[in-house]
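Residue-level structural notes
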Amino acid sequence: MMKKPLLLALLTSGALVGLGGCSEGDEATINIDAPTTVNPPPTEGGGDPDPAPEPGPEPVDCPEGTTESAAGVCRLSGTYLEDLTLVAGNSYELDGRVNIGNGNCLLADSSTCDNGDALVNATLTIEPGVNIRGLPSDDPLTAAVLHVTRGSRINAVGTAAAPIIFSSSDPDFSGPGEWGGVQISGFAPHNACNTEPCNVDGEGEAGFIGGDDPADDSGIMEYVILAENGVAINSDGDEINALSLNAVGAGTTFDYIQIFDTTDDGVEFYGGTANMKHLVVANANDDSVDWDEGFQGSLQYVLVRQHGEGSGEAFEMDTEGTLEWLSKPTLVNTTIIADKQADDSPFIMRFKDSSGGFFHNTVVTVAGDATGFFDECARIEDGAEANINSSLVFNNWIQDCSNTSGAGGTLSNEPSIDNASVVVAAAQLDDILASQASAASGLDPIDWSAIEASFDLPSTANGDPIDFDASFFDATTFMGAVNPDGSDPWWAGWTLDFGAGNALPEPIEGCPEGTEEVEANVCRLSGTYTTDLTLSAGNVYQLDGRVNIGNGNCLLESAETCQGGDALVRATLTIQPGVSVVGLPSDDPLTASVLHVTRGSKINAIGTAAAPIVFSSADSDLVGPGEWGGVQISGFAPHNACDTEPCNVDGEGEAGFIGGDDAADDSGVMKYVILAENGVAINSDGDEINALSLNAVGSGTEFDFIQIYETTDDGVEFYGGTANMRHLVVANANDDSVDWDEGFQGNLQYVLVKQSGNGSGEAFEMDTEGTLEWLSKPTLVNTTIIADKQADDSPFIMRFKDSSAGFFHNVVITVADDATGTFDECARIEDGAEANINVALVFNNWVQDCANESGAGGTLSNEPSVGNSSIVVEAAQLDDILASQAAAATGLAPIDFEAIGNAYALPSTASGDPQDFDASFFDDTTFSGAVNPDGSDPWWAGWTIEGSL
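Residues numbered from 1 in each chain as written. Predicted model: local features only at pLDDT ≥ 70, side-chain atom pairs only at ≥ 80, totals over all residues. Heavy atoms only, no water.

For the protein chain, the name recorded in an unreviewed UniProt entry is Lipoprotein, with Pseudohaliea rubra DSM 19751 as its organism.

Following this line, the structure appears as structure tokens:
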């Protein structure tokens, strides 16, 4: 069987598969763009070998200000005072110290250097997938360094499939100390500032740093790897770390950062208020994470893996500088896997020189093959002990800190740090480096109000440079950097192999029990599965007709018994990352290939950005709607047509019986999943198999990073239920892209719809149907619609009918530039839905760009009363990452859901709805549309089908 190329961007180097506020002055900016196409990877399975991957992008001209040192190789040197973009297609060399801007000068005032030069702020942009290599130097004073000086910005936004990589000039990624590192300097506070303006002489030949703006913005680094770096300048501790953050402010974004094989510290925070999420530090020869000089930022999801050649701590923490204010950052969800060279200190973390710090939800363990010997989690000394239980706090820990004395070792030399939330237990790290210790799961989310009332969090009222901001943190219920439920192996697929974990399972030989091996590495599923089944990597899986997981589609006589006496059987289908599932063709819609997870059963389909799970037809491409059926998931959540006990609603698309009374019902997880080439009409009465049918699915189910592409029928249809979904892409649906009915009351955020000129449906078709026991009235935040239809079709883009309601916040609606259809209206509201306007049908923060002939954005609706002052008629101005650059799309206030609930009829059990509205599902955003206009999160890029958007 010739396998289908997945048309997804994977990392081209095997080494990259990770298993285991500005001051005044002239301004310049460097930007990093998301890819607009993705390249095909090699695929898994048997049969003929796949063709070799297409070559990478052709080299392009070197940017102005760089020199071409070889074909496709551009060299940077000196200081850049204008914006610079490092485009994909070239590699780049750092020749000595490269400064962006001149903010490292001694400032005479806020806009002038001491030598009379004007302060110049520049922006460096680095495109996804770019490699930047530091040239070698025998003199540490001339080591290759990229320094973004204070006032300037870096916009380095990679993707999981195309991270930005800094390394040395040799062909591998191992070998610490082969170049300097990256330094970012800002105007945030530093506790040694004693002049106006601030001029602190920074470490590592950084020049002058610091200021008085805790919200200072030095740009974005996302999906960035820094390898083989670190230079000691002298024996007094002056050093160039892999990543030095010098008085960097909270306006800067750091997310998905890996540091690998560094001679010195991994990341060191010199004062400032920077925040960071998703940090991996592996094989640092000195400290993995270090802070000093009054650092008061926040970190979440930190994974540290030390190695046996190092001599530093996993965390080394001090205040230093002065005692004007202490270092006391907050960390949530940290995992440390400790190691050091033999005969080194026996502790894993070290608080000294009056440092504080708040460590919540932490797992500390020792590597199974550790060279060093450990018996203590944290050494607290040199004045730091005075901060215990005021600004030095441990909360929710797994203490597994000994490989010599057993029983978890000693928490600290200062026993007063201990408390009942610290549990001595084996960490039990699994393949994704999540702790399976029983104490690591089932926590309550951190009560920040209680923490603030009990401890000395940063507060300007107490002389600190910033007030603690709990909104940075995700609410989590587990200890460690990785969720034990397996739903988010966030480090997998983009990091360099750091010798721990295996989130992309090794292929296994043979087909799982219960499937048929039809040829080598091709396994066929058919019928009903009443025991758990895992579709492992290394095989392609065929769906032969309707495949049921569990028997919950039966007519239930009682909660646990089907009509006829069979017991209700629950089963779980697990699909590993990168697996391809193909639906075999059928001429009869009643025997179309369908995967149906019946009520009571679960699907655990957790792909990654680099290895999504792909459902498609059996042919060799990913285009051609209607070539197989689709995926149906049924649950026990409420449905407004339930009129029996137990509930038995006859579902569409031959799904059998659906529904129940549990709004929080859990049908599993689908994450990084693509469904292509599907959809079947069973008859002319509207009975259909959609790409994804969610039948009375509950809010306990997780849907995140889902793409639907090329479907004959609807993209996703919600038949009642309370399901929530994030990061949904629907492209080229021939009927409705998103449809709901029968009392659906879930939540959606980040929805991107691109219609097809061959289609005849709406971007959103919404009704209540079923009964009027309760209305369909979900809430959507951050939606972008790019409208199209076949010629001579209806001129509206959305349709509310049959008494449907819905709350649409932060929406951008526009028409495709090459649209086949003609549009002049955003939303048609009819058939009883008009009664819900400004009660349960609400539009808030819209960019209205709904006409491609009449101009001026078209008409909002046939029902003008839905309009309000938050709806702005303006061109959407979608950029390369499909973010709106319209003025009205940015600078919004986060949605005040309390005010919304007071003004409108959000779901409420007191009013007869099946559940109460839960605002905690939504991220706070300040923009309209599915994608942030600041470019910080092109979330659809790198894992969706090439050319689909």
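The secondary structure content of the protein chain amounts to two helices and 64 strands. Dimensions of the protein chain along its principal axes, counting C-alpha atoms only, are 80 × 65 × 60 Å. For the protein chain, the proportion of its 949 residues judged to be buried stands at 62%. Of the roughly 31,400 Å² of accessible surface on the protein chain, a fraction of 44% belongs to carbon and sulfur atoms. Of note, the protein chain has its 27 positive side-chain charges centred 3 Å away from the centre of its 152 negative side-chain charges. (Helix = DSSP H or I, 4+ residues; strand = E, 2+ residues; numbered from the N terminus. Buried < 20%, exposed > 50% of the residue type's maximum accessible area, 1.4 Å probe, protein only. Areas by Shrake-Rupley, 256 points an atom, 1.4 Å probe, with all protein chains shown as cover. Lys, Arg positive; Asp, Glu negative; His and termini not counted. Charge placed at Lys NZ, Arg CZ, Asp CG, Glu CD.)

Each assigned domain of the protein chain is listed with its residue range as follows: domain 1 (67–472) and domain 2 (516–911). For domain 1 and domain 2, the distance between their C-alpha centres works out to 41 Å. (Domains from an automatic or database assignment.)

Attention now moves to the packing of aromatic side chains. For the structure shown, the criterion picks out 39 aromatic pairs. For the pair Phe394 and Trp397, a centre-to-centre distance of 4.0 Å together with 20 degrees between the ring planes defines the contact as stacked. For Phe394, a relative accessible area of 1% corresponds to the buried category. A centroid spacing of 5.4 Å and a plane angle of 90 degrees characterise the contact between Tyr672 and Trp943, whose relative ring orientation is edge-to-face. In this pair, Tyr672 sits in strand S48 (residues 668–678) while Trp943 sits in the segment after helix H2 (897–903), placing the two residues 271 residues apart along the sequence. Like Tyr672, the residue Trp943 is buried in the burial classification. In textbook terms, an aromatic cluster arises when at least three aromatic residues are bridged by ring pairs, as seen for Phe269, Trp291, Phe295, Phe315, Phe351, Phe359, Phe394 and Trp397. We note Lys277 situated over the ring of Phe472; from NZ or CZ to the ring centre the distance is 4.7 Å. Above the plane of the ring of Phe796 lies Lys789, whose end atom (NZ or CZ) is 4.8 Å from the centre. (Phe/Tyr/Trp six-rings, centres within 6.5 Å; stacked < 30°, edge-to-face > 60°. Lys NZ or Arg CZ within 6 Å of the ring centre and 35° of its normal.)

Turning our eyes to something else, we now look at the environment of Thr334. Following the sequence through the fold, Thr334 ends up in strand S27 (residues 330–338). By relative accessible area, which is 0% here, Thr334 ends up buried. Separated by 194 residues in sequence, Thr334 and Thr528 place their C-alpha atoms 42 Å apart. Dropping the residues within four chain positions of it, Thr334 is found in contact with Val302, Phe315, Asn361, Thr362, Val363, Gly480 and Ala481. (Contact = heavy atoms within 4.5 Å.)

Here the focus is the side chain of Asp318. On the secondary structure map, Asp318 appears in the loop between strand S26 (315–317) and S27. According to the relative accessible area criterion, Asp318 is buried, its value standing at 2%. Beyond its immediate sequence surroundings of up to four residues, Asp318 is in contact with Trp291, Asp292, Glu293, Ser327, Lys352, Asp353 and Ser355.

In terms of burial, strand S60 (residues 806–815) is a largely internal element, ten of the ten residues being buried. Sheet topology note: the S60/strand S62 (residues 841–848) ladder contains seven bridges and is parallel. Looking at S62, one finds that His809 is bridged to Asn844. (Pairing = 2+ DSSP bridges.)

All right, on to the confidence of the model for the protein chain then. When pLDDT is averaged across the protein chain, the result is 92; 93% of the residues are at 70 or more. Across residues 1–56 the pLDDT falls below 50, and counting only partners more than four positions away or on other chains, this stretch makes 201 contacts in the model. (pLDDT = per-residue confidence, 0-100.)

We now examine the state of the cysteines. By the definition in use, this model includes eight disulfides. What pairs with Cys62 in a disulfide is Cys74, and their sulfur atoms sit 2.1 Å apart. Disulfide Cys62-Cys74: the torsion about the S-S bond is -85 degrees, which places it as left-handed. One end of the pair, Cys62, is in the loop between strand S1 (26–27) and strand S2 (67–70); the other, Cys74, is in strand S3 (residues 73–80), and twelve residues separate them in sequence. For Cys511, the disulfide goes to Cys523, at an S-S distance of 2.1 Å. Residues Cys511 and Cys523 share a disulfide whose torsion about the S-S bond is about -85 degrees; that sign makes it left-handed. Placement of the pair is Cys511 in the loop between helix H1 (448–454) and strand S34 (516–519) and Cys523 in strand S35 (residues 522–529), with a sequence separation of twelve residues. (Disulfide = S-S within 2.5 Å.)

Looking along the chain, the bond that leaves Glu196 and enters Pro197 is cis, with omega of 0 degrees. At the junction of Glu645 and Pro646, the peptide bond is cis and its omega measures out at 0 degrees in the coordinates. A positive phi angle is found at Tyr301, which is not glycine, with a value near 65 degrees. Within the fold, Tyr301 resides in strand S25 (residues 298–305). Located in the positive-phi region is Asn782, a residue other than glycine, with phi close to 70 degrees. In this fold, Asn782 is placed in strand S58 (residues 779–787). Take Asn782: its relative accessible area is 0%, and that puts it in the buried class.

Our next topic: the environment of Val422. Along the chain, Val422 turns up in strand S33 (residues 422–424). For Val422, a relative accessible area of 11% corresponds to the buried category. Each C-alpha atom, one on Val422 and one on Asp497, is 31 Å from the other, the two residues being 75 residues apart in sequence.

Regular strands show a simple pattern: their side chains alternate between the two faces of the sheet. Alternating residues of strand S11 (residues 145–148) divide into Val145 and His147 and Leu146 and Val148, and every residue in both groups is buried. Strand direction decides the pairing type here: S11 and strand S14 (residues 181–185), joined by four bridges, are parallel. Each residue of the ladder has a partner; that of Val148, found in S14, is Ile184.

Before going further, it helps to examine the environment of Ala875. On the secondary structure map, Ala875 appears in the loop between strand S64 (871–873) and H2. Residues Ala875 and Ala887, twelve residues apart in the sequence, show an inter-C-alpha distance of 9.3 Å. Not counting chain neighbours up to four residues away, the residues in contact with Ala875 comprise Val847, Asp849 and Ala886.

For the rest of this paragraph, the subject is the pattern of salt bridges. Where charged atoms from two side chains of opposite charge approach closely, those side chains can pair. Taken as a whole and judged by the stated rule, the model has 23 salt bridges. One salt bridge connects Glu560 with Arg570, and the closest N-O pair in it is separated by 2.9 Å. Here Arg570 lies in the loop between strand S39 (561–562) and strand S40 (572–575) and Glu560 lies in the loop between strand S38 (556–558) and S39, a separation of ten residues in the sequence. A relative accessible area of 40% means that Glu560 is categorised as partly exposed. A relative accessible area of 41% means that Arg570 is categorised as partly exposed. Via salt bridges that share partners, Glu316, Arg350 and Glu381 belong to a single interconnected network. (Salt bridge = Lys/Arg side-chain N within 4 Å of Asp/Glu carboxyl O.)

What follows concerns the side chain of Ser298. In this structure, Ser298 sits in strand S25. The class of Ser298 is buried, set by a relative accessible area of 7%. In this structure Ser298 touches Ala274, Asn275, Met276, Thr330, Phe468, Phe472 and Phe473, once residues within four positions along its chain are discounted.

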